[in-house]
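Notes for the structure review
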Protein chains: 2
Amino acid sequence: MKKDQVTITDLARELNVSPSTVSRALNNSPFISEERKKVILELAKKMNYSPNQLALSLLNKRTKILGVVVPEITSYYFSTAINGIQDKVGSSGYKLMISQSNESFEEEIRLMEAMALVRVDGFLISPSSNTLNYDHFEKIKDSGFPLVIFDRDCVGLEADKVVVDDYSGAFQAVEYLIQTGCQRIAHITGSTNLSTTQHRRKGYLDALQNNNFPILEDLIVIGDDSSSESGVACMQKLLDLRQIPDAVFCYNDAIAIGAMSVIRERGIEIPDQISLVGFDDEPYSSYFKPSLTSVWQPIYDLGLLSAKILLDNLEMEKENPNYRFEVLKPELVIRESSRKII
Amino acid sequence: MKKDQVTITDLARELNVSPSTVSRALNNSPFISEERKKVILELAKKMNYSPNQLALSLLNKRTKILGVVVPEITSYYFSTAINGIQDKVGSSGYKLMISQSNESFEEEIRLMEAMALVRVDGFLISPSSNTLNYDHFEKIKDSGFPLVIFDRDCVGLEADKVVVDDYSGAFQAVEYLIQTGCQRIAHITGSTNLSTTQHRRKGYLDALQNNNFPILEDLIVIGDDSSSESGVACMQKLLDLRQIPDAVFCYNDAIAIGAMSVIRERGIEIPDQISLVGFDDEPYSSYFKPSLTSVWQPIYDLGLLSAKILLDNLEMEKENPNYRFEVLKPELVIRESSRKII
DNA sequence: CTGTTAGCGCTTTCAA
DNA sequence: TTGAAAGCGCTAACAG
């Protein structure tokens, strides 16, 4: 069914010239007479010729395709990062092959292998939460593929990485809660495997210690994942404590939203009785009632920078394993769900 | 920097056999001795050989790559559709090349052309809101690329299409508002170019007429786009009317959320004074206060079905232009932002 | 300036 | 069973 594409040989035959001459005309090489060039280009347009990138790629060993693997494409977070990646590479003529691992380690490997077969020029990967072993990344690197890890860190892996300073974001948030007079600050976490979860938790703990607050294990609830449903479940646990918290720092906005609904159901006032803080600053967070205080992340920039680093690697063809580790700064956005500074 | 890949010729040379023999071993052709086959396969594994898909694609004229273009990847809506597409094609070994047009007609053309050059096997397109001319689609079809249009219809274009019955969704929503006693039902639209906007508006109008309600032009506000900001602006206009509406049917949830915030600011009660209905049923809609009544769309299935149709076309290699037009049914999800049936 | 040749990595006749 | 040769579409080196 697919019509045969017009090839350079078709054009050559038509005009009784050699394929190389046609090629020269098409790439406007200086070694061709203006006349011929004109005729050839006209015919090319007339016959609706378009070069076969496949043949070119085979020749140049470059596909101008970049492989992107994210845990889930549906999340605001990762789709925004992809947005940044796309905006960066689009102008350089790179195309994106995108897939989601669904937080599956095996799927991540499978996807990367498939992309390697297509000979993508490089990889932009945000590892799944179940990726605890980095052999596949090492293998990809050994095969000569440039690789940039973004958003989630892989401790111990040598590679270019771009992440957000989760520690700082969490620290800022909890410091703020303390300054506004909160005394019993709880924390709902996300998937424990993730570097982001660990850093945010550390930020929470350090902010408490820094202010000589006791660490109360009861007030730290481990979520199954980072969904609103998990937020609901975890907040219920917190409200079932004999002494409930007067503030909750959540791993992300989704959790915070779930928590908010539970707090409301129980007739507890936000922020008067409980201050609530999220992380990510999703678009709708300012529209909740009360609007959600959250830690904004430069996620679009994260995509942009990751892509830039990959492109740099592609151009430099550098041999020196001088890996970059870029850390972007998040910012606390204060809204109604937390008390004001007294 | 990129290491040279091990080729079939490398293996052949190593073992002093011909490349064709190696090829036969790798594809376990019957015309090869078991012995040789074993030796070759072992060496292949040892040398970490992997076939070059590029060469294969050039030979077979099939890349096993599908091109996907959506207006914006960041929206919950389209990323969920992509999710469905991915789940459908992944198991068949197809890879996805995904791009967003950012609602730009020119960008859409540019992206499709670039994908055509890479010789994707087919296209899954959700047209931009500025795509009013379908020449590029016709051209792609003429070149022999299978094409499936999804979510947004292109009236007059002959192609496989999968859409949601927006008319029905809107009709259901407005019927419901009427049944719950609303008298002055307003409508905030999205981008006027879109088939979805037109159908939802038509559903709104017909539901009114069906119930002998007058059409009041004042109560129909045209949004610039379908963002929450637009919802804010449009709702303000409605509340500035001498006689405000007692219900608002919004083009989508984002607009409804914006509208909700304005209504709240003015101290008007939802749903007692104004009922509010959205469209899309985004994940957070049930967490708003009040939770948002909305029209749920089978958007994941829409992606799934679109992909299935494309794959069918790819397999059938059919010549008969027997285009499919699939319409999926949405469902009204009633929550707190609308009154109950009396 | 232009044509011939070779080759990117692989498969598929066609002979042997 | 195996190898040689041709070709997918294109470019580049080398003659002319």
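Scope of this entry: the structure provided in the associated data block. (Residues numbered from 1 in each chain as written. Chains lettered and ligands numbered in written order. Predicted model: local features only at pLDDT ≥ 70, side-chain atom pairs only at ≥ 80, totals over all residues. Heavy atoms only, no water.)

Quick notes on the protein's contact with DNA strand C
Close to DNA strand C lie 23 residues; S20, T21, R24 and K61 of chain A together with I8 of chain B are nearest. Backbone atoms, meaning sugar and phosphate, make up 70% of the atoms of DNA strand C lying within 4 Å of the protein. The contact in question runs from a phosphate oxygen of DNA strand C to an N or O atom on the backbone of S18 of chain A, over 3.2 Å. Between a base nitrogen of DNA strand C and a side-chain N or O atom of R24 of chain A, the distance comes to 2.6 Å. Partitioning the surface near DNA strand C into residue classes produces 11 nonpolar, nine polar and three charged. (Near = heavy atom within 4 Å. Polar contact = N/O pair within 3.5 Å; in protein donor to acceptor, adjacent residues only side chain to side chain. Nonpolar A, V, L, I, M, F, W, Y, C, P; charged D, E, K, R; others polar.)

Considerations on the relation of the copies chain A and chain B
Superposing chain A onto chain B requires a rotation of 180° together with a translation of 0.1 Å along the rotation axis, leaving an RMSD of 0.2 Å. Both copies are brought into coincidence by an operation consistent with a two-fold rotation axis. No C-alpha of chain A approaches the rotation axis more nearly than that of M97 of chain A, which lies at 2.3 Å. The share of interface residues of chain A whose copies in chain B are also at the interface is 100%, consistent with both copies meeting through the same surface. (Least-squares fit on C-alpha atoms with pLDDT ≥ 70 in both. Contact = heavy atoms within 4.5 Å.)

Regarding the pairing of strand β6 (residues 185–188) of chain B
Residue and element names in this part refer to chain B. Both faces of β6 are covered, namely the face carrying I185 and H187 and the face carrying A186 and I188. The pairing of β6 with strand β7 (residues 220–221) spans two bridges and is parallel. Its bridge partner being in β7, H187 is matched across the sheet by I220. A crossover links β6 with its parallel partner β7, the connecting element being helix α9 (residues 195–210), and its sense is right-handed. (Buried < 20%, exposed > 50% of the residue type's maximum accessible area, 1.4 Å probe, protein only. Helix = DSSP H or I, 4+ residues; strand = E, 2+ residues; numbered from the N terminus. Pairing = 2+ DSSP bridges. Right-handed = clockwise from strand over helix to strand, strands pointing away.)

Side note on the packing of helix α6 (residues 105–117) of chain B against helix α7 (residues 135–142) of chain B
All names here are of chain B. Contact geometry for α6 and α7: axes closest at 10 Å, N-to-C directions at 10°. Classified by the angle their axes make, α6 and α7 are roughly parallel. Here F105, E108, I109, M112, E113 and A116 of α6 come into contact with α7, specifically with H136, F137, K139 and I140. (Axes fitted to C-alpha atoms, helices over the stretch in contact; angles between N-to-C directions. Parallel < 35°, antiparallel > 145°, perpendicular 65-115°, else oblique.)

Looking at the side chain of S337 of chain A
All names here are of chain A. Checked against the element boundaries, S337 lands in the segment after β12 (331–333). For S337, a relative accessible area of 0% translates into the label buried. Ignoring any residue separated from it by four or fewer positions in sequence, one finds S337 in contact with I270, P271, I274, S275, L276, P290, S291, L292 and T293.

It is worth stressing that arrangement in space is one thing and function is another; only the former is reported here.
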